[in-house]
Protein chains: 2
Amino acid sequence: MAERWTVRFGGFGGQGIVLSSVVTGLAAVYDGKYVCQRASYGSEARGGKCKSEVIISDEEISYPLIDKLQVLVIMSQQALDSYIEELEPGGLLIIDPDMVEETDKRKDVEILKVSAAKTADKLGNRIVANMIMLGALQAKTGIVSKDALIKSMKDSVASRFVEINEKAIESGEHIVEKLVVGDKTSSEG
Amino acid sequence: MAERWTVRFGGFGGQGIVLSSVVTGLAAVYDGKYVCQRASYGSEARGGKCKSEVIISDEEISYPLIDKLQVLVIMSQQALDSYIEELEPGGLLIIDPDMVEETDKRKDVEILKVSAAKTADKLGNRIVANMIMLGALQAKTGIVSKDALIKSMKDSVASRFVEINEKAIESGEHIVEKLVVGDKTSSEG
């Protein structure tokens, strides 16, 4: 059986939710994997509901239905409410605690809290919060290699934003390194 | 019944096939539409088989199976061979005639030939061939507005490439304007 990961990103328009799946997918390709990426959004460019997914496999895949959702990366309350039930038991929930209310709907998943928005503000631009999430996702799961993630990010963002996005990925990684992960783990980033 | 468009892009890695669907999808959002975008690719970043799709609707959609494929934008022979049968009767096939052999497998679809690669080379960078295809797609179908397409492109490419990508979109539009569209239509761009 091929190793296979499914990750969903949820938030609102303008948070870079589509880009998160594209960057993760391209990174996986750089790692030699096969990828199916998808996103659903509208009708407002900013503020509308947005989700995206990436499926990464050692073997060729076409457009599958999601059977198991192993990782859920959440940047809004609405996304949390909409998708929390779909995360598989034992799965990983990565949330920005400043963007969502505490949830105790699920006791059977691991929760990683990443203060992405606050950390992005400290770096100087809220827009890189998604890359902080990707850095944390990478460090926590190893679903893609760090080198591939950095390369993919560089391919995908405007050149003037490469430096701050690289810092954002590093910050996400540091948040994961600093904490002892568990159900009640939190971080200030 | 809501108006709904499904477009598939097919080619190989490095042609910007994923980006084509992302840019078209974001443009549709700027036009006030709902979008489902997806892509499948790997395992090589450059040269591997790649397809992407965008579904645009007046109404909210989640991840649907493709029931009708109305437009197929093709940038490689392999993609043409793989997807030509899925285009609905009366659908639109946009091909780069320099990247594919002549196909006469389908007599029941409209064929628009857009010399995207050659035109991109004239503009100075082969990488913008995908935007020439998008300019032609926009001009031919009106599936997204031109203003939204330009805005979406600007959001999605490195700032140093905005100017050449805008020229590429214009070039694609001009190719469509210059020709009388029909089964046997061709263009030199």
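Here is what the cut-offs are and how they apply
- Residues numbered from 1 in each chain as written.
- Chains lettered and ligands numbered in written order.
- Predicted model: local features only at pLDDT ≥ 70, side-chain atom pairs only at ≥ 80, totals over all residues.
- Heavy atoms only, no water.
- Helix = DSSP H or I, 4+ residues; strand = E, 2+ residues; numbered from the N terminus.
- Buried < 20%, exposed > 50% of the residue type's maximum accessible area, 1.4 Å probe, protein only.
- Contact = heavy atoms within 4.5 Å.
- Areas by Shrake-Rupley, 256 points an atom, 1.4 Å probe, with all protein chains shown as cover.
- Core = buried A, V, L, I, M, F, W, Y, C linked by side-chain atoms within 4.5 Å.
- Pairing = 2+ DSSP bridges.
- Axes fitted to C-alpha atoms, helices over the stretch in contact; angles between N-to-C directions.
- Salt bridge = Lys/Arg side-chain N within 4 Å of Asp/Glu carboxyl O.
- Buried area = accessible area lost by both parts, 1.4 Å probe.
- Polar contact = N/O pair within 3.5 Å; in protein donor to acceptor, adjacent residues only side chain to side chain.
- Nonpolar A, V, L, I, M, F, W, Y, C, P; charged D, E, K, R; others polar.

1. What to know about the overall build of chain A
Stage number 1. The secondary structure content of chain A amounts to six helices and six strands.
Stage number 2. Written out in order from the N terminus, the α and β elements of chain A read β-α-β-β-β-α-β-β-α-α-α-α.
Stage number 3. Here chain A holds 189 residues, and 58% of them are scored as buried.
Stage number 4. Across chain A, contacts joining residues at least 24 apart in sequence account for 59% of those joining residues at least 6 apart.
Stage number 5. Total accessible area computed for chain A in this model is approximately 7,700 Å², and 48% of it derives from carbon and sulfur atoms.

2. A look at the nonpolar core
Stage number 1. Counting 92 residues, the largest nonpolar core has Ile94 and Val114 of chain A together with Ile94 and Val114 of chain B as its most contacted members.
Stage number 2. Apart from the residues lying within four places of it in its own chain, the contact partners of Val114 of chain A are Ile94, Ile95, Asp96, Pro97, Ile132, Met133, Ala136 and Ile175 of chain A.

3. So, the sheet that holds strand E5 (residues 87–95) of chain A
Stage number 1. Within the open sheet, the 12 strands sit side by side as E6(A)-E5(A)-E4(A)-E1(A)-E3(A)-E2(A)-E2(B)-E3(B)-E1(B)-E4(B)-E5(B)-E6(B). Their pairing is mixed. What marks the edges here is a single partner per strand, and that holds for strand E6 (110–113) of chain A together with strand E6 (110–113) of chain B. The mean angle between the axes of side-by-side strands here comes to 15 degrees, regardless of whether they run parallel or antiparallel.
Stage number 2. Inspection of the sheet shows strand E1 (residues 4–12) of chain B paired to strand E4 (residues 69–74) of chain B by four bridges, in the parallel sense. Bridging from a neighbouring strand, Gly10 of chain B pairs with Ile74 of chain B of E4 of chain B.
Stage number 3. Contacting strand E1 (4–12), strand E2 (34–42) and strand E3 (49–57) of chain A together with strand E2 (34–42) of chain B, helix H1 (residues 17–30) of chain A crosses the sheet at an angle of about 10 degrees to E3 of chain A.
Stage number 4. Taken strand by strand, helix H4 (residues 129–141) of chain A contacts E1, strand E4 (69–74), E5 and E6 of chain A, and its axis lies near 135 degrees from that of E5 of chain A.

4. A short note on the pattern of salt bridges
All names here are of chain B.
Stage number 1. Counted under the stated rule, the structure contains 28 salt bridges over all chains.
Stage number 2. The shortest N-O distance in the salt bridge between Glu86 and Arg8 comes to 3.1 Å. With a gap of 78 residues between them, Glu86 in the loop between helix H2 (77–83) and strand E5 (87–95) and Arg8 in strand E1 connect regions that are remote in the sequence.
Stage number 3. Between Lys154 and Glu166 there is a salt bridge; the shortest N-O distance is 3.8 Å. Highlighted residues: Lys154 in helix H5 (residues 146–156) and Glu166 in helix H6 (residues 162–178), separated in sequence by 12 residues.
Stage number 4. Look at Lys154 and you get partly exposed, because its relative accessible area is 41%.
Stage number 5. In this structure Glu166 comes out as partly exposed when scored by relative accessible area, which is 26%.

5. Description of the interface of chain B and chain A
Stage number 1. Counting residues at the interface gives 33 residues for chain B and 33 residues for chain A.
Stage number 2. Taken over both partners, the interface formed by chain B and chain A buries close to 2,600 Å², and the fraction arising from carbon and sulfur atoms is 52%.
Stage number 3. Here chain B is connected to chain A by two salt bridges.
Stage number 4. Among the salt bridges present, the one from Glu60 of chain B reaches Lys49 of chain A, with a minimum N-O distance of 3.6 Å.
Stage number 5. The interface formed by chain B and chain A includes seven residue pairs in polar contact (both at pLDDT 80 or more).
Stage number 6. Mapped onto the side of chain B that touches chain A, the elements with two or more residues apiece are helix H1 (17–30), E2 and strand E3 (49–57) of chain B.
Stage number 7. Per-element tally for the side of chain B that touches chain A: the top contributor is E2 of chain B, with nine residues.
Stage number 8. Counted by class, the side of chain B that touches chain A contains 14 nonpolar, nine polar and 10 charged residues.

Function cannot be read off these values alone, since they describe shape.
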